[in-house]
Amino acid sequence: MVVSFAEIRAEVPGAFDEACPTRVVLDHVMSKWGVLVLMALTEGTTRWGELRRRVEGISEKMLASTLRTLEKDGFVARTSYPEVPPRVEYSLTPLGDDLMERMMPLMAWIGVHARDIVDR
């Protein structure tokens, strides 16, 4: 069952208004790199280099910035190990898992239909 925009706004007054925090979350989660990083992390805990390989085309600077933002928002956990050389791993938090459980069907739909949409 599809929930309408009006139903969401009735449940959460002011949701998606211009000054609403929902706009910030949408910007972080639905940005090109945010989506791709989150999707890559659905495969499990990942180190920096592997994450960079999974998200083809992302620069080191953009990956660092995206991970910082998603970590600050509570979607991604960063675990640093006191080793030489340093080892850092990234994973989805429970909030990130909850988000991706809902987002992956949309990503699957986009994967199936993207070529037809772009070719129009």
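The model shown is predicted, which means the values in this text are computed figures rather than measured ones. (Residues numbered from 1 in each chain as written. Predicted model: local features only at pLDDT ≥ 70, side-chain atom pairs only at ≥ 80, totals over all residues. Heavy atoms only, no water.)

## Quick look at helix 3 (residues 32–41)
Rule in force here: Each residue gets one of three labels from its accessible area relative to the maximum for its type: buried under 20%, exposed over 50%, partly exposed in between, using a 1.4 Å probe on protein chains only. Helical segments are the DSSP runs of H or I of at least four residues, strand segments are the runs of E of at least two, and each set is numbered from the N terminus.
Burial runs high along helix 3: seven of the 10 residues are buried. Inspection of helix 3 places Trp33, Gly34, Val35, Val37, Leu38, Ala40 and Leu41 among the buried residues, and these make up the whole buried set.

## What about the pairing of strand 3 (residues 87–92)?
Short version of the rule: Strands were regarded as paired on the criterion that DSSP finds at least two bridges between them.
Burial of strand 3 is extensive: six of the six residues sit out of reach of the surface. Residue alternation in strand 3 divides its side chains into two sets, Arg87, Glu89 and Ser91 and Val88, Tyr90 and Leu92, and both sets are buried. Bridge count between strand 1 (residues 46–47) and strand 3: two bridges; the pairing is antiparallel. Looking across to strand 3, one finds that Thr46 is bridged to Tyr90.

## Digging into the pattern of salt bridges
Stated precisely, the cut-off is as follows: Definition used for salt bridges: Asp or Glu carboxyl oxygen within 4 Å of a side-chain nitrogen of Lys or Arg.
Within this structure, the stated rule accounts for 10 salt bridges. Across the pair Asp17 and Arg9 runs a salt bridge whose closest N-O atoms are separated by 2.0 Å. We note a salt bridge from Arg115 to Asp119, for which the minimum N-O separation is 3.8 Å. For Arg115, a relative accessible area of 56% gives the class exposed. Here the salt bridges do not stand alone but share partners, grouping Glu43, Glu50, Arg53 and Arg54 into one network.

## As for unusual backbone geometry
The omega torsion of the bond from Val84 to Pro85 falls at -5°, within 30 degrees of zero and hence cis. If you trace the backbone, Pro85 turns up in the loop between strand 2 (76–81) and strand 3. A positive phi angle, close to 75°, is found at Phe16, a residue other than glycine. Of the residues examined, Phe16 reaches a relative accessible area of 25% and is grouped as partly exposed.

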